[in-house]
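Reading the structure
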Amino acid sequence: MKIYHCPFLILVGFCCFSLQSTYGQEENAYRQFNEGFQSPPSYAYPNVYHWWLGGHVDRLRLKEEIHAFKEAGVSGFTIFEIGSRDTVLVGTGPEFLGDESLKTIQLAVEEAGKLGLEVGLNTASSWNAGGNWLTPEHAAKSIYQSKATLTGGKNQKVTIPFPEIPETDPRGRKRMIEFDKDERPVYSEEIVVLALPELPGKSRADTSQIRDISEFFDPETEMLDWEAPEGEWKIIRYVCSNSGENLILPSKYSAGPIVDHYDAEATAFHFNYIIDRLQSVLGDLRQTALKSLYMASYEARGFTWTPTLPEKFKSINGYEVKKLLPILFEEAEFSAETTANFRADFQRTLSELMIHNFYMKSKEVCHAHGLKNNSEAGGPGLPLHNVPVEPLKALGKGLDIPRGEFWINHGRYNEDGMDILRVVKEVSSAAHIYGLGIVEMEAFTSFQHWQEGPFEMKPIGDRAFAEGMNKVVVHGSTHNPEGTGFPGIVYHAGTHYNDKRVWWPKIRPFNEYLARVSYILQEADFQADFLYYYGDTIPNYGGHKRGRFSPGAGYDYDLVNTEILLGLEVQDGEIVNPRNGAKFRALALAEEYEIHPEVLLKLKEMAEKGAVIMGPKPNGIAQRKVKPGMPDMEGWLDDLWQQFNAQDFNTGEAAIYRDASPAEILDALELAPDLDYEDKAVYTLDYTHYQKEGMDFYFVVNTTGEWVSRNLTFRQQGKVPEVWDPVTGKISLASIYEQKEKQLTLPLTLAPYESKFVTFRPGRETEHYAQIIGAGLHPPKINFLEDGFEIWEEGIFVLQEGVGDREIHGHIHEKEIAGAWEVFFPEGWGAPKKAIFPKLISWTASNEEGIKYFSGIARYEKQFVHALHPTDHADAKTYLDLGDLSHVAEVWLNDKPLGITWSKPYRFDVTDLLRPGVNSLRIEVANTWSNRITGDALTGETYTQTHIEETNIKGVGHIRVPWEEAPLIPSGLFGPVALRTVVPVKLPQ
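Here the structure is a predicted model, which means the values were calculated and not measured.

1. Overview of unusual backbone geometry
At the junction of H475 and G476, the peptide bond is cis and its omega measures out at -10 degrees in the coordinates. Within the secondary structure layout, G476 lies in strand β15 (residues 471-478). Cis geometry is adopted by the peptide bond preceding P976, which originates at G975 and carries an omega value of -5 degrees. A positive phi angle, near 60 degrees, is found at R546, a position not held by glycine. With respect to the helices and strands, the residue R546 is situated in the loop between β17 (530-533) and β18 (557-560). Even without glycine at this site, E670 takes up a positive phi of about 55 degrees.

This is how it looks when you write it as structure tokens:
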């Protein structure tokens, strides 16, 4: 038999196979995301800082706390030993990493391993990194100077003494410097001896006039033997010695110097010491639950130096540093240009030293032992701390796990209106552009002790998710030894997230919420239209979302630095980052006085290849950075930077557009918003967009305390929309949507501060309605179901179907569960065992002090009658709506658990649990400790025990008030509690 091969049939077969393979991959991806969203893996759940105050740890309580983490849905903890200013309630523990300390760390790691939790360890007792094991050679260093004057024209011998080192550091604390018997520092290195001529009038110094006379100086005798030329000379001896900066707040026996963050040898010594100590009790760290070493904030102050700095300075900047050292001490007045250039180059050198010799070196040492390094790299830096580091590079190149931070109701703003305590966008961009994946946040830090519940935490957490956070590290959970009382001892800042919190027994659903959002944002890839180049200045900062740069409502962006910019590619008019495959439609430039010549070369290349670039024109080119072999760039700035004109706009034109707004560029590109809605200009909704394996995830956040219902338009086509609820894990088809040419519109309703994923998956178009139209500007409140939707408004609405319109009537039948309630309070906290509430009010409105100041979990009980035939609608659904409450509630109907509710709307589907006749309702409500602490302060009672005597309060977060002045927080069940019945609208047949 002869077999004839038909090329066309082979091609068809290949295409069919390819399509089948693609669909199979997409189906697998959908199934994995679906399952992971509903039951998130452990790595998606939040971690916590576990503060060990004073280094004092009760090992039995430690085990209890670790088990409490597991039960609550906390996936791990970072051990963070730190000192305490309290000496009454906080005990004194052993030396950090001493034998007793190691035994406790061993117990924590082993216990965590049994439970499947992961552990990190901070690399100091408090911060910065360091410890009492550091030798002077490895401790932080500074530069000091001593001076003399002489008249030239003859050979002279002059004593130049060792520089005087101040006894206290910039914080006023005694410097930790080891001195020898001659009262000289054990460690010091000569840097240079300079001779500066006294110049007449307002003459500016020049390096050609400054003499390096080190060869004529004997450090042993401290004698200068030099024949100075005619004139008056200022002689300056520069010496490197220890800065003497101590750890910020170490435990009693753990004080020590901070490590030299700019010296690779010092970094290796520091990390290897810690690892050796840990291995002495844990063995091979790869086989343990210890997964990372953490480096807390870098907050060193004063001048910084390290012996390799001169060599590194010259290799980076192409000239010697020594003759310009007088600029650091303002000992000579150079030209403004020379001074500015030197300071910038000095900062760049420190940045490179810190990134390579501290962050990257620590990563190398950690990897050798199966660990990861983790830090707020160089920060939080500008504008909060003047940290000499380029943050995107430090975070992205120096770390396995970059970490940022954000606070609750405690903003600090600079003169530009930047929230300097919000370091999220910068960290997420670093993780994106360097392809790291994980974006950790030191989350929910606060000075509002015990005042917040999960619902108060949610809006600020959602904002961080919308800026790119995908791993929550709650700041923090303080270890409480037995006998510390309630609420116990805590680190002075943070959301106190431990088993002594009132609502802790009911916190798991909140952690599940954080895990669901984190899971999607960890597994998928960030999508944005803009890249924002934040310039070549060091130090630098990214700011919060829509801070330094805003692409306009409905669009998003990533920050990019010089290193990543130089590696970008242009493909078919799109800007591509080859490190992670991300694509962008436009590049925006920060305003810079001078542009780095390498950056200019790259921008010209990108523009010529069709990249769309916008930004202000620099004043000039940084000529000192021009390298041999670079082309003559004269005239490039005038040629490249062109006035934007929408009529003449051409994406193929090699130009950088000045005086153009992002909106004008996007309009010229005919690029519709990624997310559009009626009032997007006032950012009613926040959002972020992620994509993977053909699926798109839009995390949409209601930023207001009101219900919001909007028609949302997404830049999507050919996909099926669904709504994924991260609070419940419920996934519903979007049964109302309209597919246009390149966009899809659907209505979405969000409760106050609610957030949901609008998800688009590949697949055939499902049965659906096109629109729902009411009398108002916006769509009615709707709730999507698996096979239809509910309307939560009264009125007449029009549903548009494929073959015509359909009028439907929205109606909600409401029956209030009225009358008195029995409320039961636990014993021992000042409240009566039982009270009758004729109507639902806040506990703080009670005339009885024991209820007014009550903190804890109270139980509400009530019976009510439900009709035998409540409705003739066979498909009707009935919900139990609790109205309002504070802060968390757990509900049972007829002794059947409904679950825990912590966010609005506080309601449950009870359709199948209601029974005709008498029904019993039980509701447990948990508030916070704040009211009881205030009550104790006012009445002299001692129900609570803590060392925190003052707190911040919302609205005046810049001051601390004593507890007796802290306003009481409304607590309990407020209602109205009601049964609400709606009839779902089914999908079109």
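Having put the structure on the table, let's press on.
2. Details of the pairing of strand β39 (residues 788-791)
Because side chains alternate across β39, one face comprises the buried residues G788 and E790, and the other comprises F789 and I791, equally buried. By the bridge criterion, four bridges tie strand β38 (residues 782-785) to β39 in an arrangement that is antiparallel. Looking at β39, one finds that I782 is bridged to I791. Count of turn residues in the β38/β39 antiparallel hairpin: two residues. As defined by bridge partners, β39 adjoins strand β56 (residues 985-986) across two bridges and the pair is classed as antiparallel. Bridge pairing links F789 to V985 in β56.

3. Describing the pattern of salt bridges
For the structure on display, the rule yields 55 salt bridges. E64 is paired through a salt bridge with R61; the nearest N and O atoms lie 3.0 Å apart. Placement of both E64 and R61 in helix α2 (residues 59-72) is noted, with a separation of three residues, approximately one turn of the helix. Close ionic contact of D696 with K719 constitutes a salt bridge, the shortest N to O distance being 2.6 Å. Taken together, the residues span a long stretch of sequence, with D696 in strand β30 (residues 695-702) and K719 in strand β32 (residues 719-724) at a distance of 23 residues. Just as D696 is buried, K719 falls in that class too. Through salt bridges with shared partners, a single ionic network connects K425, K545, R546, D556 and D686.

The rules behind the values
Counting starts from 1 at the beginning of each chain's written sequence and moves along it residue by residue. A pLDDT threshold of at least 70 governs which residues receive local features in this predicted model, and a stricter bar of 80 or more applies before side-chain atom pairs are shown or counted, although totals over entire chains, interfaces and linings include all residues. Just so you know, side-chain values use all the structure's heavy atoms and leave hydrogens and water out. Only DSSP runs of H or I reaching four residues or more are called helices, and only runs of E reaching two or more are called strands; each is numbered from the N terminus. We call a residue buried when its accessible area falls under 20% of the maximum for its residue type, exposed when it is over 50%, and partly exposed in between, using a 1.4 Å probe and counting protein chains only. Here, strands pair whenever DSSP counts at least two bridges between them. What makes a salt bridge here is a side-chain nitrogen of Lys or Arg within 4 Å of a carboxyl oxygen of Asp or Glu, nothing more.

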